[in-house]
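# Survey of secondary and tertiary structure
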Amino acid sequence: YGMAEMLCRILPAYNEFFHGDMAKLLIVNAVAAANVQRLMATLEGQAYDSLESRIPAERQVPANALSIADATGMPRETVRRKLKELVAAEILMVDA
């Protein structure tokens, strides 16, 4: 019940932010999870267990379109196209 209640509160804001493109929300969350998955599995990761904690870029692991497509079940080309849009909108960044 708690999860459903939380989703009912936050999804309208995400829907507005992404202009109804919930696939972009899914991709952003998949990227975020991939970036920190290894760190959060360690004891050191416990230091970053709140929303106020910012994980330094050097502790994050980049994700690519194929891994995001695998994680979300979306076609790779769709993921690639939406990643490009998210980078252009400065929601995500490309690791140089």
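Definitions and limits used
- Residues numbered from 1 in each chain as written.
- Predicted model: local features only at pLDDT ≥ 70, side-chain atom pairs only at ≥ 80, totals over all residues.
- Heavy atoms only, no water.
- Phe/Tyr/Trp six-rings, centres within 6.5 Å; stacked < 30°, edge-to-face > 60°.
- Buried < 20%, exposed > 50% of the residue type's maximum accessible area, 1.4 Å probe, protein only.
- Helix = DSSP H or I, 4+ residues; strand = E, 2+ residues; numbered from the N terminus.
- Expected span 1.5 Å × (residues − 1).
- Bend = angle between axes of the 7 residues up to and from the residue.
- Contact = heavy atoms within 4.5 Å.
- 1 Å grid on protein atoms, 1.4 Å probe; cavity = no way out; pocket = protein on both sides within 12 Å on 5 of 7 lines; lining within 4 Å.
- Points joined across faces, edges and corners; volume = space filled by probe spheres on them.
- Nonpolar A, V, L, I, M, F, W, Y, C, P; charged D, E, K, R; others polar.

Moving on, we come to the packing of aromatic side chains. A complete count under the given rule lists one aromatic pair for this structure. On the numbers, 5.0 Å between centres and 85° between planes, the contact of Phe17 with Phe18 is edge-to-face. Assessed through its relative accessible area of 6%, Phe18 is described here as buried.

Okay, helix 2 (residues 22–40) next. With 19 residues, helix 2 should cover 27 Å at 1.5 Å per step; its first-to-last C-alpha distance of 25 Å lies within 8% of that length. The sharpest bend along helix 2 reaches about 30° and sits at Ala34. By the burial criterion, the buried members of helix 2 are Lys24, Leu25, Ile27, Val28, Ala30, Val31, Asn35, Val36 and Leu39. Packing partners of the buried residues in helix 2 comprise helix 1 (2–17), helix 3 (65–72) and helix 4 (76–88).

Another point: the layout of surface pockets. The space that makes up the largest pocket amounts to roughly 900 Å³. Along the lines of polarity and charge, the residues of the lining of the largest pocket split into 15 nonpolar, five polar and three charged. When its volume is computed, the second largest pocket comes out at roughly 500 Å³. If you go around the second largest pocket, you meet 15 residues; those closest to its centre are Asn35, Pro62, Met93, Val94 and Asp95. When residues in the lining of the second largest pocket are grouped by element, the largest group, three residues, is from helix 4. Of the residues contributing to the lining of the second largest pocket, the split by class is 10 nonpolar, three polar and two charged.

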